[in-house]
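If you want the building blocks of each chain, they are given just below.
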Amino acid sequence: MINCVIIDDEPLALNLLKNHISKTPYLKLISGFEEPLLAIPELEKGNTDLLFLDIHMPDINGIDFYKSLSKKPELIFTTAHAEFAINGFELKAADYLLKPVSFEKFISSVNRIREIIEQKQAKNPRAKDYFFINVAHKMHKIFYEDILYFEGYKDYTKLYLTGSASPLLILHNLKYFETIMDDSDFIRIHRSYIVSVRKTNTISRKSVTIGNVSLPVSDNYRDLLFNRIEGHNAE
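First things first, this report covers the structure right here in the doc. (Residues numbered from 1 in each chain as written. Predicted model: local features only at pLDDT ≥ 70, side-chain atom pairs only at ≥ 80, totals over all residues. Heavy atoms only, no water.)

Re the sheet that holds strand β10 (residues 168–170)
- One open sheet accounts for 5 strands, arranged β10-β9-β8-β12-β11; its pairing is antiparallel. Of all the strands in the sheet, the pair left with one neighbour each is β10 and β11 (186–190). Between one strand and the next, the sheet's axes are offset by a mean angle of 20°, whatever the strand orientation.
- Note that strand β8 (residues 147–153) and strand β9 (residues 156–161) share 6 bridges and pair antiparallel. Its bridge partner lying in β9, E151 is registered against K158. (Pairing = 2+ DSSP bridges. Helix = DSSP H or I, 4+ residues; strand = E, 2+ residues; numbered from the N terminus. Axes fitted to C-alpha atoms, helices over the stretch in contact; angles between N-to-C directions.)

Okay, structure coming up:
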């Protein structure tokens, strides 16, 4: 079951999404909010798998609101303005829906990210502390605890591990790992890097250090990084 939250300041749009969710067997509505700030306590519980978020709202736009969250569920933007939706993909938005949202478009969008969410649910670190990944036609067993950081390299990703002299070169881009890794344990800090929170030694506005390696923090991910770290401190 996929737990959903809706944030939309338009009651008609909010109720339409509620109706779509009620007709979808694998979706469960936790709550709907017309005011974004009222949703924060619910979202910070960490029980939300999927957030339907309006972009154009009076007090705060959806993009800035999502950036402010320390615990970020999968995201589908809803908007009446297609030009706003493009900016959503600078974040971790899985998709966007143009209002008024038809059930056909809704179910098509949700189905595209259902597999991603279910993979993350199955990858509960309390139940399983490893995964297998194909590297050079061999399946390698990777323990989450051994991961230091990921480095994006065109259509490939270099995976750096504790105790390994050289990284594994994997035929998946960095976005793939950003999607499947638990974002409470792994944080993207740059267009080219995702780091393990557990393995991070120091954090500044410009860089993150892991062991003897210093990795850059980009402007686009700095606020996300510090919000996430503050969320860890609050837990």
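Looking at unusual backbone geometry
- That bond from K99 to P100 is cis: its omega, -10°, falls within 30 degrees of zero.
- Its place among the elements puts P100 in the loop between β5 (93–98) and α5 (103–122).
- The phi angle at A136 is positive, at roughly 55°, despite the residue not being glycine.
- Positionally, A136 belongs in the loop between β6 (130–135) and β7 (138–143).
- Taking the relative accessible area as the measure of exposure, A136 reaches 63% and is therefore exposed.
- Backbone geometry places K154, a non-glycine residue, at a positive phi of 55°.
- Within the secondary structure, K154 sits in the loop between β8 and β9. (Buried < 20%, exposed > 50% of the residue type's maximum accessible area, 1.4 Å probe, protein only.)

Observations regarding the packing of aromatic side chains
- Overall, the coordinates contain 10 aromatic pairs when judged by the stated rule.
- Taken together, the aromatic side chains of F150, Y176, F177 and F186 make up a single cluster linked through ring pairs.
- The ring of Y153 has K158 sitting right over it, with the charged end atom 5.0 Å from the ring centre. (Phe/Tyr/Trp six-rings, centres within 6.5 Å; stacked < 30°, edge-to-face > 60°. Lys NZ or Arg CZ within 6 Å of the ring centre and 35° of its normal.)

Some words on the sheet that holds strand β14 (residues 207–210)
- In space, the 3 strands of this open sheet follow the order β13-β14-β15, with antiparallel pairing throughout. Edge positions in the sheet fall to β13 (202–203) and β15 (213–216), since each of these pairs with one other strand and no more.
- Two strands pair when backbone bridges link them, and β14 and β15 are joined in this way by 4 bridges, in the antiparallel orientation. Within the sheet, the bridge partner assigned to V208 lies in β15 and is L215.

Some remarks on the pairing of strand β3 (residues 50–54)
- Burial runs high along β3: 5 of the 5 residues are buried.
- Because side chains alternate across β3, one face comprises the buried residues L50, F52 and D54, and the other comprises L51 and L53, equally buried.
- Bridging between strand β1 (residues 2–7) and β3 involves 4 bridges; their strand directions are parallel. Directly across from C4, in β3, lies its bridge partner L50.
- Sheet topology places β3 next to strand β4 (residues 74–79); 5 bridges connect them, and they run parallel.

A look at the pattern of salt bridges
- Tallied over the entire structure, the rule returns 8 salt bridges.
- Here D8 ties to K99 by a salt bridge, and the two come within 2.8 Å at their closest N and O atoms. Linking D8 in the loop between β1 and α1 (11–22) with K99 in the loop between β5 and α5, this pair joins segments that are 91 residues apart in sequence.
- Across the salt bridge formed by E145 and K199, the nearest N and O atoms sit 3.6 Å from each other. Of the two residues, E145 is situated in the loop between β7 and β8 and K199 in the loop between β12 (193–196) and β13; the sequence distance between them amounts to 54 residues.
- Judged by its relative accessible area of 44%, E145 falls in the partly exposed class.
- For K199, a relative accessible area of 21% gives the class partly exposed.
- If you follow the salt bridges from partner to partner, you end up with D8, E10, D54 and K99 in one network. (Salt bridge = Lys/Arg side-chain N within 4 Å of Asp/Glu carboxyl O.)

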